[in-house]
Amino acid sequence: MYYLLSKVMVYVVDPFYWILLFLVLHFITKNKKFKKRYLITALVLFLIFSNKILFSQFANYWDIEKSELETNKTYSCAIVLGGMASENKDSKGFFNGSADRFIQALKLKQTGKVDHLLISGGNNKLNPGSFIESEFVINELKTLHVPDSALLIETKSRNTQENATLTKATLEGKKLPPPYVLVTSAFHMRRALLTFKKAGVPVLAYPGNFTTGKGNITFDYFIPSLEPLGGWARYLKEVAAYSFLKLKS
């Protein structure tokens, strides 16, 4: 049920569809008073959610920074959440815009900060095919000469909750001691930390794929842009899912 709800939520919280809804209402409504209100509402929503400054400020607030890892300590495992690779029409994998998760995980292993990498992620489509994200990522790591002995895989999870419960079972089976280093995108880290906490898996945040920087605001920030619209959809989904998780017993 939660899995299906998460799929619907993608559309419910997307400001693009809010704007589209009010534009459609504007064109189909015959009442002149409401017709004008719908158009104004659509315009106001567009100006708010296309504003780079507002989006940047919220993203900087929401994103989780990296935990300070102990200098002379090697952690037993980094848990790397799926979402960094997608499937093409031939059921082949490719790295998408969240591929920094892969880079951060590889960095942890290659610099000796972790002994193992646990790649978690199956196929989260409603009608899944043969593509398994974690298998694709594992194969890519092997091409970079990461040894089999350092790689663990979880192939069944479709969402963050399943990531947590299934990786917990894998880690307990391998008797790897906590805390573990959790790798995912910065916008997703806040919810991931709470999910793993509720599942009883001690983790340290190691996010990548930061949406915005901390630099100075430039002139182009004041120009409406379609780019923040997609960003808001991603963040509002996280806010809704995080809030639901907080309220869930």
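For the structure itself, consult the block above.
Residues numbered from 1 in each chain as written. Predicted model: local features only at pLDDT ≥ 70, side-chain atom pairs only at ≥ 80, totals over all residues. Heavy atoms only, no water.

Caption draft 1: Summary view of the packing of helix α7 (residues 160-174) against helix α8 (residues 186-198). Between α7 and α8, the least distance of the axes is 9 Å, while the angle of their chain directions is 45°. Looking at the two axes, α7 sits oblique to α8. When you trace α7 past α8, the crossing you get is right-handed. Residue-level contacts link Thr160, Gln161, Asn163, Ala164 and Thr167 of α7 to His188, Arg191, Ala192, Thr195 and Phe196 of α8. Split by residue class, the contact of α7 with α8 holds three nonpolar, six polar and one charged. (Axes fitted to C-alpha atoms, helices over the stretch in contact; angles between N-to-C directions. Helix = DSSP H or I, 4+ residues; strand = E, 2+ residues; numbered from the N terminus. Parallel < 35°, antiparallel > 145°, perpendicular 65-115°, else oblique. Left-handed = near helix turned anticlockwise from the far one by under 90°. Contact = heavy atoms within 4.5 Å. Nonpolar A, V, L, I, M, F, W, Y, C, P; charged D, E, K, R; others polar.)

Caption draft 2: Region of interest: the pairing of strand β1 (residues 75-81). Counting buried residues in β1 gives seven out of seven residues, a clear majority hidden from the surface. In this structure, β1 lies alongside strand β4 (residues 114-120), joined through six bridges in parallel fashion. Within β4, the residue paired with cysteine 77 across the bridge is histidine 116. In terms of strand pairing, β1 meets strand β6 (residues 180-183) through three bridges, oriented parallel. What sits directly across from isoleucine 79, in β6, is leucine 182. (Buried < 20%, exposed > 50% of the residue type's maximum accessible area, 1.4 Å probe, protein only. Pairing = 2+ DSSP bridges.)

Caption draft 3: Summary view of the packing of aromatic side chains. Using the criterion set out here, one finds 16 aromatic pairs in the structure. When the ring of phenylalanine 34 is compared with that of tyrosine 38, the centres are 6.2 Å apart and the planes differ by 35°; the resulting orientation is tilted. Residue phenylalanine 34 and its partner tyrosine 38 are both found in helix α3 (residues 32-49); the two are separated by four residues, about one turn of the helix. With a centroid separation of 5.5 Å and an interplanar angle of 85°, the aromatic rings of tryptophan 62 and tyrosine 242 are classed as edge-to-face. Taken as a pair, tryptophan 62 in helix α4 (residues 52-62) and tyrosine 242 in helix α9 (residues 227-247) lie far apart in primary sequence, 180 residues in all. Comparing tryptophan 62 with tyrosine 242 shows no difference in burial state: the two are buried. Of the aromatic side chains, those joined through ring pairs into one cluster are Trp18, Phe49, Phe55, Phe58, Tyr61, Trp62, Phe187, Trp232, Tyr235 and Tyr242. (Phe/Tyr/Trp six-rings, centres within 6.5 Å; stacked < 30°, edge-to-face > 60°.)

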